[in-house]
Each structure stands twice: as C-alpha cells, then as structure tokens.
Amino acid sequence: MTSKKNVFDLAKQNGLEIEGYVDHHWNHAECSWYLPAGKSFGDRHTSVHEAHVDDYNADVKNAKEFWTAIYKELKSDIEEIQDCTESECDYCGVYNE
C-alpha cells in the first residue's frame with residue numbers, strides 16, 4: 001500500500017503541483033494534480049480524483065486504498081506528459097503562435 005507522502009513525493013519529483021486530503025467525517029477523499037504551463041497530459045492539464053471512503057458501498061475502504069489507487073493513476077499520467085500543442089490554450093494562455 002502507498003501513503004499520501006509517496007503520492008506527493010512522486011508528483012513533486014515530476015514538477016507537478018498537487019493537493020489532496022481525506023475527510024474522515026464526511027468519508028470523502030480527493031486529490032488533484034496540475035502541470036506547469038506549456039505541458040499537458042495529452043488533452044488535459046490537470047487531474048482530479050474523488051472517492052467515498054468507508055466500509056459500505058464506497059469507492060475505497062480506507063485512506064491507504066485511496067492513496068494506492070491515486071499513486072497508480074498519477075504514475076500513468078506522468079507517462080503521458082508532453083508539450084502542449086494548442087495554438088490557443090485556456091490553461092497555458094496563447095502558446096505556440
């Protein structure tokens with residue numbers, strides 16, 4: 001199983017801004033990561049992942065499962081990093097004119 005620290009370390013090693021949390025009161029977890037301007041994950045610049053965390057009908061049973069799944073998704077996104085090729089990109093601003 002992977003920890004939140006492992007996820008954040010992987011993101012920072014690859015130049016991504018990241019934020020995430022698990023709210024035990026509401027049984028909700030969320031993690032988002034963002035690329036710097038000029039880069040993309042193919043057709044997007046960010047990823048947002050949410051899950052309900054509990055023992056009943058939830059996406060994941062606990063925070064460790066959540067962070068392990070996020071780590072795998074983050075690694076997959078990192079493999080997709082490329083230069084943004086849009087001539088006008090809402091995220092990057094005008095780019096590649």
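Everything numeric here is computed off the predicted structure, so don't read it as measured data.

*Asks:* Got a minute to help me understand the overall build of the protein in this structure?
*Replies:* A count of helices and strands for the protein gives two helices and seven strands. Dimensions of the protein, computed from C-alpha atoms along their principal axes, come out at roughly 50 × 25 × 15 Å. A total of 97 residues make up the protein; the buried ones form 34% of that total. Within the protein, counting contacts between residues at least 6 apart in sequence, those at least 24 apart form 51% of the total.

*Asks:* Would you mind showing me how to read the packing of aromatic side chains here?
*Replies:* Geometry of an aromatic ring pair is reported as the spacing of the ring centres plus the angle between the planes. Per the counting criterion, the structure on display carries two aromatic pairs. On the basis of an interplanar angle of 65 degrees and a centroid distance of 6.2 Å, the ring pair of Phe8 and Trp67 is categorised as edge-to-face. Note that Phe8 is positioned in helix H1 (residues 4-13) and Trp67 in helix H2 (residues 63-79), a separation of 59 residues in sequence. Summarising the burial analysis for this pair, Phe8 and Trp67 share the class buried. Between Phe66 and Trp67, the aromatic rings sit 4.8 Å apart at their centres with planes inclined by 70 degrees, giving edge-to-face as the arrangement. Here Phe66 and Trp67 have matching classes, each one buried. Members of the aromatic cluster, connected to one another through ring pairs, are Phe8, Phe66 and Trp67.

*Asks:* Before we go on, may I ask you to explain H1 in this structure?
*Replies:* Residues lying three or four places apart along an α-helix face the same way, a consequence of the helix completing one turn every 3.6 residues. Regarding H1, the residues found buried are Val7, Phe8, Leu10 and Ala11. Buried residues of H1, viewed axially, fall in a sector of 160 degrees; they line one side. With respect to the buried face of H1, the exposed residues turned more than 90 degrees away are Lys5, Lys12 and Gln13. On its buried face, H1 sits against strand S1 (17-23), strand S2 (28-34) and H2. Downstream of H1 by one or two residues, Gly15 has phi in the positive range, about 75 degrees.

*Asks:* Is there a simple way to think about the nonpolar core in this case?
*Replies:* Grouped burial of nonpolar side chains is what soluble globular proteins tend to show. Within the largest apolar cluster, 19 residues are counted, with the highest numbers of intra-cluster contacts made by Val7, Leu16, Cys31, Trp33, Phe66 and Leu74. Counting residues per element, the ones that place at least two in this core are H1, S2 and H2. If sequence neighbours within four positions are ignored, Leu74 has contacts with Val7, Leu10, Ala11, Leu16 and Trp33.

Calculation rules
Residues numbered from 1 in each chain as written. Predicted model: local features only at pLDDT ≥ 70, side-chain atom pairs only at ≥ 80, totals over all residues. Heavy atoms only, no water. Helix = DSSP H or I, 4+ residues; strand = E, 2+ residues; numbered from the N terminus. Buried < 20%, exposed > 50% of the residue type's maximum accessible area, 1.4 Å probe, protein only. Contact = heavy atoms within 4.5 Å. Phe/Tyr/Trp six-rings, centres within 6.5 Å; stacked < 30°, edge-to-face > 60°. Arc of directions from axis to C-beta. Core = buried A, V, L, I, M, F, W, Y, C linked by side-chain atoms within 4.5 Å.

As far as function goes, none of this settles anything; it's purely spatial.
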